[in-house]
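Inside the fold
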Amino acid sequence: MARKNDSFTIRTPLVDGAAGAAKRAQSPGGLRQTVRLFTSSSDMAKEGTEIAEETEQMIDQKEPDNPVSAVVDSKEMRAVVLTGFGGLNKLKVTKKPMPEPQEGEVKIRVKACGLNFLDLMVRQGNIDNPPKTPLVPGFECSGIVESVGENTKGFEIGDRVMAFVNYNAWAEVVCTPLDFVYKIPDDMTFPEAAAFSMNFVAAYMMLFEVANLREGMSVLVHSAGGAVGQAVAQLCSTVPNVTVFGTASPFKHEAIKHSVTHLFDRNIDYVPEVKKISPDGVDIVLDCLCGENTGKGLTLLKPMGTYILYGSSNMVTGETKSFFSFAKSWWQVEKVNPIKLYDENKVIAGFSLLNLLFKQGGCKQVKTAVQKLLSLYDQKKIKPVVDSLWALEEVRDKALKVHDFHHIQGVVSDLIAIRIQDVDVFLSPPS
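Quick caveat, the model's predicted, so the values are computed rather than measured. (Residues numbered from 1 in each chain as written. Predicted model: local features only at pLDDT ≥ 70, side-chain atom pairs only at ≥ 80, totals over all residues. Heavy atoms only, no water.)

1. Concerning the overall build of the protein
Note the cut-off: To qualify as a helix, a DSSP run of H or I must reach at least 4 residues; to qualify as a strand, a run of E must reach at least 2; elements of each kind are numbered from the N terminus. Computed with a 1.4 Å probe, the accessible areas rest on the Shrake-Rupley method; for each residue, only the protein chains presented here act as cover.
When its secondary structure is counted, the protein shows 14 helices and 17 strands. Counting every atom, the protein has about 19,100 Å² of accessible surface; 52% of that belongs to carbon and sulfur.

Structure follows, in structure tokens:
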């Protein structure tokens, strides 16, 4: 029997407009392709429950009783390959040799995988020490355990899991060390799991491990409509009397206005607006933008407050790498004087989840965070909001393009899914 809620419905994103909402199409696997529009995050959550009920019968009809035993024995798999750094034309769906688990590894048949802003920077080559191409992008996925390597304990064939991967997640099959793999609840869908690991773990560790969020504190989070921003808002709601200030593009305000306490246009000078409400400033600033926002964030900190930089999305302004955007963002970063931090009793920190996992041996810390997050999920206190679902082949044919950050967040679901968060989606003619 197929597990409940493993949704295979494909939802087309908000940019399709009202005309798209009436559109129905037949997907290659014979499952219905459904287009829905959402006006708020609460609508999306409600819609998720309805979709789970709607798709359960389709899944029962289409999936075999044992999803693992039905896998075709093959030496090849499909994967999205980045052939070189640059634009969207560098992404190709092709065949790759099937990986096999080494000692201590878990082999996962991927059901959904994530596309994060970092993946887009990787595509451009806009990161420190980028790997050599060609490569398979992607750092997180969810799916079913297909086999395990020698001396690998704790997982069995057929287990439903989510995992971190040091690249290679955008493929039908991945192998990753067992320390990066976590079992998921029976009622968590694969798209939800793909939208869960990177975003909620990063948000949790910044709030509770780095900044020590407590009752009565205040938090400023940039890109409040993005996946991490929404995870931050949900986690803040689990602590009494926390005030959340958020910045976001105006067209997102209607959808996310109920998730934060105060919401500001990201294009205006938000510092005086925050100080009108909280003259002393805020206790925590979570900044994924960098550039001029670094100085503004430090200005807004209360004594004993913590500023955390966890991204630099201001450096990405188009489809390809821009030296001008990089230089502008670097130039706008305020030079930090340690003596001034000492005088003002302020803390400045950085956070990179992937570096903590893959370079700094932080597996145990991350595992503890995942366990606490899954407990909150079981208590119905947090839940990933899935906006859009896309099939593997659509990565190129539908030309996912970062431009104006129009999405709240999304997941692509088919045999493989690509999550779309904070991105515009443009439909281009097939190449």
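Let us keep going from here.
2. Observations regarding the sheet that holds strand β7 (residues 160-164)
In any sheet, the strands associate via hydrogen bonds between backbone groups, in a parallel or an antiparallel arrangement. We apply this condition: Between any two strands, pairing holds if DSSP finds at least two bridges. What counts as an axis is a line fitted to C-alpha atoms, over the stretch in contact for a helix, and the angles between N-to-C directions run from 0 to 180 degrees. The contact definition used throughout considers only heavy atoms, calling two residues in contact when any of these lie within 4.5 Å.
Spatial strand order, β8-β5-β6-β7-β9: 5 strands in an open sheet with antiparallel pairing. Looking along the sheet, the strands with just one partner apiece sit at the ends: β8 (173-177) and β9 (181-183). Taken pair by pair, the neighbouring strands of this sheet meet at an average axis angle of 45°, ignoring direction. Running at roughly 65° to β7, helix α5 (residues 197-210) makes contact with β6 (140-148) and β7 of the sheet. Set on the sheet, helix α13 (residues 363-378) makes contact with β7 and β9; between it and β9 the angle comes to about 20°.

3. So, the pairing of strand β5 (residues 105-113)
The cut-off we apply is this: Here the term buried applies to any residue with accessible area under 20% of the maximum for its type, exposed to any over 50%, and partly exposed to those in between, with areas from a 1.4 Å probe on protein chains only.
Where burial is concerned, most of β5 is hidden: 9 out of the 9 residues are buried. Two strands pair when backbone bridges link them, and β5 and β8 are joined in this way by 5 bridges, in the antiparallel orientation. Directly across from K107, in β8, lies its bridge partner C175. By the bridge criterion, 7 bridges tie β5 to β6 in an arrangement that is antiparallel. Paired with I108 across the bridge in β6 is V145.

4. Looking at the nonpolar core
Note the threshold: Throughout, nonpolar core names a set of buried Ala, Val, Leu, Ile, Met, Phe, Trp, Tyr and Cys residues whose side chains join them through atoms within 4.5 Å.
Core analysis: the biggest nonpolar cluster contains 95 residues, and L286, L353 and V366 have the highest contact counts within it. For this core, the leading source of residues is α5, giving 9 residues. If near-sequence neighbours (up to four positions away) are discounted, L353 is found in contact with F164, S197, M198, V201, A202, M205 and V366. Membership of the second largest hydrophobic core comes to 12 residues, among which are F264, V282, L300 and Y307.

5. Some points on the sheet that holds strand β10 (residues 218-221)
Across the sheet, 6 strands lie side by side as β12-β11-β10-β13-β14-β15; this open sheet has parallel pairing. Strands at the two margins of the open sheet, each flanked by one partner only, are β12 (262-265) and β15 (347-350). Put simply, the sheet's adjacent strands are angled 15° from each other on average, direction ignored. Each of β10, β11 (243-248) and β13 (282-287) touches helix α6 (residues 227-236); the most contacted strand, β10, lies at about 170° to it. Sitting on the sheet, helix α8 (residues 270-277) is in contact with β10, β11, β12 and β13, with an inclination near 160° to β12.

6. Observations regarding the environment of L207
Topologically, L207 is positioned in helix α5. According to the relative accessible area criterion, L207 is buried, its value standing at 0%.

7. Structural notes on unusual backbone geometry
The amide bond that connects T133 to the next residue, P134, takes the cis arrangement and shows omega of 0°. Note on placement: P134 falls in the loop between α3 (117-124) and β6. The residue N168 is not glycine, and still its phi comes out positive at about 80°. As for its placement among the helices and strands, N168 is situated in the loop between β7 and β8. For N168, a relative accessible area of 40% puts it in the partly exposed group.

8. Observations concerning the pattern of salt bridges
Defined as follows: Throughout this description, the term salt bridge denotes a Lys or Arg side-chain nitrogen within 4 Å of a carboxyl oxygen of Asp or Glu.
Going through the model one piece at a time under the given rule, you end up with 12 salt bridges. K346 is the salt-bridge partner of E344, the closest N and O atoms lying 3.3 Å from each other. For E344, a relative accessible area of 30% corresponds to the partly exposed category. Three or more residues are tied together by salt bridges with common partners; here these are E100, K107, R109 and E146.

9. Points about the pairing of β10
Both faces of the sheet carry side chains from a regular strand, because those side chains alternate between them. How we decide: Look down the strands so they point away from you; if going from the first strand over the helix to the second traces a clockwise path, that crossover is right-handed.
Burial along β10 is two-sided: the residues S218 and L220 and V219 and V221 are all buried. Judged from the 4 bridges that link them, β10 and β11 form a sheet pairing that is parallel. Along β11, the bridge assignment pairs S218 with T243. In this fold, β10 hands off to α6, which returns the chain to β11; that crossover is right-handed. Two elements, β10 and β13, share 3 bridges in a ladder whose sense is parallel. What sits directly across from L220, in β13, is V285.

10. Here we look at the confidence of the model for the protein
Where we set the bar: For every residue, the pLDDT score states the predictor's confidence, bounded by 0 at the bottom and 100 at the top.
Mean pLDDT over the protein works out to 75, with 69% of the residues at or above the 70 mark. Mean pLDDT values over the elements of the protein span from 30, in strand β2 (residues 32-34), up to 98, in β9. Long-range and interchain partners of residues 314-332, a stretch whose pLDDT sits below 50, account for 37 contacts in this model, where long-range means more than four residues apart. Here residues 401-431 is a poorly scored stretch, pLDDT under 50, and it has 156 contacts once near neighbours within four places are set aside; other chains count.

11. A word on the packing of α5 against α13
Helix-helix packing: each pair is described by the crossing angle between the helix axes and the interaxial distance. What counts, and what does not: Reported orientations rely on four angle classes, namely roughly parallel under 35 degrees, roughly antiparallel over 145, roughly perpendicular from 65 to 115, and oblique for the rest. Three categories are distinguished: nonpolar for Ala, Val, Leu, Ile, Met, Phe, Trp, Tyr, Cys and Pro, charged for Asp, Glu, Lys and Arg, and polar for the others, with Gly belonging to the last.
Remark: α5 packs on α13, axes separated minimally by 10 Å, with the N-to-C direction vectors making an angle of 105°. Between α5 and α13, the crossing angle belongs to the class labelled roughly perpendicular. The segment α5 lies against α13, with F200, V201, Y204 and M205 engaging Q365, V366, A369, V370, K372 and L373. Per-class residue counts for the contact of α5 with α13 are 8 nonpolar, 1 polar and 1 charged.

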